[in-house]
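# Tertiary structure, described
Letter by letter, the chains look like this.
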Amino acid sequence: MLKRFCRMIPALAAALLMALPANAFDTRARAAFVLDQTTGTVLLAKNADQPLPPASMSKLMTLYMAFEAIRDGRLSLDERLPVSSHAMSYGGSTMFLDTTDRVRVEDLLRGIIVLSGNDACAVIAEALSPDGTEKGFARYMTQRAQQMGMTNSVFANSNGWPAENHKMSMRDLGLLATQLISEFPEFYPMFAEERFEFDGRAPQNVRNRNPLLPLGIGADGLKTGHTSEAGYGLVGSAKQGDRRVVLVISGLDSDRARAEEAESIINWAFRQFSSKSVVRKGAVIAEADVWMGDTQRVGLTVSEDVNLLLPVLGGDEIKGEVVYTGPITAPFEKGQELAELIITPEGLPEHRVALVADRDVARGGFLSRMVTVSEVLIKRLNEGPEGAL
């Protein structure tokens, strides 16, 4: 029988009595997604799963696939790639490449990250495409995104150039950012570079457009985006102490609005939430009924400390719900998973923690089994037909 009970667990009280419902950030962005990467806590989600034009923020997918290719040995940083007439034809933000160039992969990566080069993306795309075309690479991007769990992303090109069927959700962009940060620490410092001068040929396009980088708030990436349809957007990340926050915003009406909104979100995420100890390893959370054991109850505990990201201000208590199928049949060992603790701070996603036995429980002897059966029968007789179901 599935058993659920919700109560204020004493072990949680000290840490949770001061927890408030999260004050939702009222963002001006059309869509937004904010993640505390350290704990995996989603702090803000506004239209986060709606596929929208991502503009140059979709260049992050091209970068991810380039980094994968370098890691796998299919591409090298010192390799020089040719520039096709198709790549050269792109307008907007470019490295001003032409068909006489053969460009080092490392320069192309910086050209994408710092200069937002549409042409640089196309050069990388054609080099990695299964059929040598940017369209073929876009199909490859879509397939790879689906494999990564980015289910609301479809690509028509490598750089976010406006196209009807080129869409990404803010949650997908957040997932992509976290993967770039965690999987490619050797390349991630490129995203914090504020200036890149390629061959001296484009003095008007040498600065990183990420407005967070010079603010001294721990910002170290990732990518801006803008088209008339998409508005102004940003995939950003900042680290303060042991915490890292990833934010994605889209649909702002100016670069100034984008900068102000991004800074406000970063400050809110770091100042209004903090990591708190919720349950200490070994603390007994609850007790579960035991069937046919040498004891009738067993303590439920956690195998390691549980820390959660919670609002910093005081307020309503947070209750933990313990769920298990019981009574639990003996024998079982100390540390064996028996139940689950579900903690749901108001305004934040629920957090599930495995609960384990606090001691070994052996199968009971003949006398103890008879006592258990007798108690169950008496209980069912007292409860009547409905209680026996």
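Please refer to the structure placed before this passage.
First, a word on what this report is: a plain description of the structure on this page. Every value quoted in this text rests on a predicted model; they were computed, and no experiment measured them. (Residues numbered from 1 in each chain as written. Predicted model: local features only at pLDDT ≥ 70, side-chain atom pairs only at ≥ 80, totals over all residues. Heavy atoms only, no water.)

## Some words on unusual backbone geometry
As a reminder, the rule being used: Secondary structure follows DSSP: runs of H or I at least 4 residues long count as helices, runs of E at least 2 residues long count as strands, and numbering of each begins at the N terminus. For every residue, the accessible area obtained with a 1.4 Å probe (protein chains only) is divided by the maximum for its type, and the residue is called buried under 20%, exposed over 50%, and partly exposed between those limits.
Cis rather than trans, the peptide bond between Gly221 and Leu222 has omega equal to 15 degrees. Here Leu222 is to be found in strand β6 (residues 219–227). For Phe96, which is not a glycine, the phi torsion comes out positive at approximately 60 degrees. Relative accessible area serves as the criterion here: at 40%, Phe96 is assigned to the partly exposed category. In the Ramachandran plot, Ser116 falls in the positive-phi region, its phi being about 60 degrees despite a non-glycine side chain. With respect to the secondary-structure elements, Ser116 resides in the loop between α4 (105–113) and α5 (118–128).

## Notes on the sheet that holds β6
As a reminder of what qualifies: A pair of strands is treated as paired once DSSP finds two or more bridges between them. The axes used here are C-alpha line fits, helices contributing only the stretch in contact, and every angle between their N-to-C directions lies in the interval 0 to 180 degrees. A contact between two residues is defined here by any heavy atoms of the two lying within 4.5 Å.
Sheet architecture is open: 5 strands sit in the order β3-β2-β8-β7-β6, paired in antiparallel fashion. Looking at the sheet topology across the chains shown, the edges are occupied by β3 (41–46) and β6. Averaged over neighbouring strand pairs, the angle between their axes works out to 5 degrees when direction is ignored. Against the sheet, helix α7 (residues 170–183) touches β2 (31–36), β3, β6, β7 (231–240) and β8 (243–252), its axis set at about 145 degrees to β8.

## As for the pairing of β2
With 6 of 6 residues buried, β2 is to be regarded as a mostly interior element. Covered by surrounding structure in β2 are Ala31, Phe33 and Leu35 together with Ala32, Val34 and Asp36, the residues of both alternating faces. Looking at chain direction, β2 and β8 are connected through 6 bridges and run antiparallel. Paired with Ala32 across the bridge in β8 is Ile249. Here β2 hands over to β3 after 4 residues, with Gly40 in that stretch at a positive phi of 75 degrees.

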